[in-house]
Amino acid sequence: MTSTSSYTNGEMESQNCSRDIPAIDFAPFVREEGVVVGAPPTPDQLIVASQINDACQSHGFVYITNFGLLLSDHDQENAFCSSKELFALDINAKQEKLHRISPQDNRGYTLFQSEKLNTTRPPDLKEAFNVDYHENDLSGCPESFVASSELLLSALKKMAVRHAMACAMALNCRLTFSPRH
């Protein structure tokens, strides 16, 4: 193991990791302040942007910590419970009622052991229901899964915008989009 650089609250810390990739605390972009609410960046947001720039120039990679999904503990628990409810459906119901995944859109349900990431090995020991930012066909899914999926996608989209803001600041680009997307 090698020692790596890590930034927390603007201070460099040491961590043991398998590679020398800087870790950056993203918490200043999770809080509802500064650029994420349309105001000038906070000093901590400027520090994070500078750290991202430095890490990308010196390493080409960065490990983001405290990324947060902006979901309450209750919402996170509901997401896990609704996924359990979906995958607990009878196999016939899953095959007949759920939208099946296709190579064209990579959205929908895939049966257990029906995918192979590595074609030289046995099928992957998983089943999945893929969703994304586009129209998702959630017909046949439990109502709790539909609600949790929509909430999770909304939170992920919000964090993706905040990540884009941090990267734009790191590149000294003018922010030309609304943080409320």
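The following paragraphs examine the structure supplied in this document. (Residues numbered from 1 in each chain as written. Predicted model: local features only at pLDDT ≥ 70, side-chain atom pairs only at ≥ 80, totals over all residues. Heavy atoms only, no water.)

### Quick look at the overall build of the protein
So, step 1. Looking only at helices and strands, the protein has five helices and six strands in total.
So, step 2. The order of α-helices and β-strands along the protein, N terminus first, is β-β-β-α-α-β-α-α-β-β-α.
So, step 3. The 181 residues of the protein split such that 29% are buried.
So, step 4. Contacts in the protein between residues at least 24 apart in sequence constitute 48% of all its contacts with a sequence separation of at least 6.
So, step 5. Of the roughly 11400 Å² of accessible surface on the protein, a fraction of 54% belongs to carbon and sulfur atoms. (Helix = DSSP H or I, 4+ residues; strand = E, 2+ residues; numbered from the N terminus. Buried < 20%, exposed > 50% of the residue type's maximum accessible area, 1.4 Å probe, protein only. Contact = heavy atoms within 4.5 Å. Areas by Shrake-Rupley, 256 points an atom, 1.4 Å probe, with all protein chains shown as cover.)

### Topic: helix 3 (residues 73–87)
So, step 1. Spanning 15 residues, helix 3 covers 21 Å between terminal C-alpha atoms, matching the ideal 21 Å at 1.5 Å per step.
So, step 2. Among the residues of helix 3, Ala79, Ser82 and Leu86 are the ones counted as buried. Each buried residue of helix 3 sits inside an arc of 70 degrees when the element is viewed along its axis, so together they form one side. Opposite its buried face, helix 3 presents the exposed residues Asp73, His74, Phe80 and Lys84, each directed more than 90 degrees away.
So, step 3. Packed against the buried residues of helix 3 are helix 4 (91–97), strand 6 (128–130) and helix 5 (143–170). (Expected span 1.5 Å × (residues − 1). Arc of directions from axis to C-beta.)

### Things to note about the packing of aromatic side chains
So, step 1. One pass over the full model with this rule turns up three aromatic pairs.
So, step 2. Ring geometry for Phe129 versus Phe145: centroids 5.4 Å apart, planes at 75 degrees, classification edge-to-face. Of this pair, Phe129 sits in strand 6 while Phe145 sits in helix 5, and the two are 16 residues apart along the sequence. The same class applies to Phe129 and to Phe145, which are both buried. (Phe/Tyr/Trp six-rings, centres within 6.5 Å; stacked < 30°, edge-to-face > 60°.)

### Overview of helix 5
So, step 1. Over its 28 residues, helix 5 runs 41 Å from end to end, which matches the ideal 40 Å to within 8%, given 1.5 Å per residue.
So, step 2. Phi for Asn172, located one or two positions after helix 5, is positive at around 60 degrees.

### What about the packing of helix 3 against helix 5?
Each pair of packed helices gets described by two things: the angle between the helix axes and the distance between those axes.
So, step 1. The contact between helix 3 and helix 5 brings their axes to 8 Å, and the two run at 135 degrees. Of the possible angle classes, the one that applies to helix 3 and helix 5 is oblique. The handedness of the crossing between helix 3 and helix 5 comes out as left-handed. Note on element contacts: helix 5 touches helix 3 through Ser144, Phe145, Ser148 and Leu151, opposite Asp75, Asn78, Ala79, Ser82, Ser83, Glu85 and Leu86.
So, step 2. Broken down by class, the residue content of the contact of helix 3 with helix 5 amounts to four nonpolar, five polar and two charged. (Axes fitted to C-alpha atoms, helices over the stretch in contact; angles between N-to-C directions. Parallel < 35°, antiparallel > 145°, perpendicular 65-115°, else oblique. Left-handed = near helix turned anticlockwise from the far one by under 90°. Nonpolar A, V, L, I, M, F, W, Y, C, P; charged D, E, K, R; others polar.)

### Remarks on unusual backbone geometry
Of all residues except glycine, most have a negative phi; of all peptide bonds, most are trans.
So, step 1. Phi at Asn66 is positive, roughly 50 degrees, even though this residue is not glycine.
So, step 2. In this fold, Asn66 is placed in the loop between strand 4 (63–65) and helix 3.
So, step 3. At Asn172, a residue that is not glycine, the phi angle is positive and equals roughly 60 degrees.
So, step 4. On the secondary structure map, Asn172 appears in the segment after helix 5.

### Comments concerning the pattern of salt bridges
A side chain with one charge can pair with a side chain of the opposite charge if their charged atoms come near.
So, step 1. Across all of its chains, the model carries seven salt bridges by this definition.
So, step 2. The salt bridge involving Glu32 is made with Lys158; its shortest N-O contact spans 3.9 Å. Here Glu32 is found in the loop between helix 1 (27–30) and helix 2 (43–58), whereas its partner Lys158 is found in helix 5, with 126 residues between them in sequence.
So, step 3. With a closest N to O distance of 3.1 Å, Glu127 and Lys94 form a salt bridge. On the criterion of sequence distance, the pair formed by Glu127 in the loop between strand 5 (108–110) and strand 6 and Lys94 in helix 4 is long-range, its members being 33 residues apart.
So, step 4. Look at Lys94 and you get buried, because its relative accessible area is 5%.
So, step 5. If you follow the salt bridges from partner to partner, you end up with Arg31, Glu33 and Asp44 in one network. (Salt bridge = Lys/Arg side-chain N within 4 Å of Asp/Glu carboxyl O.)

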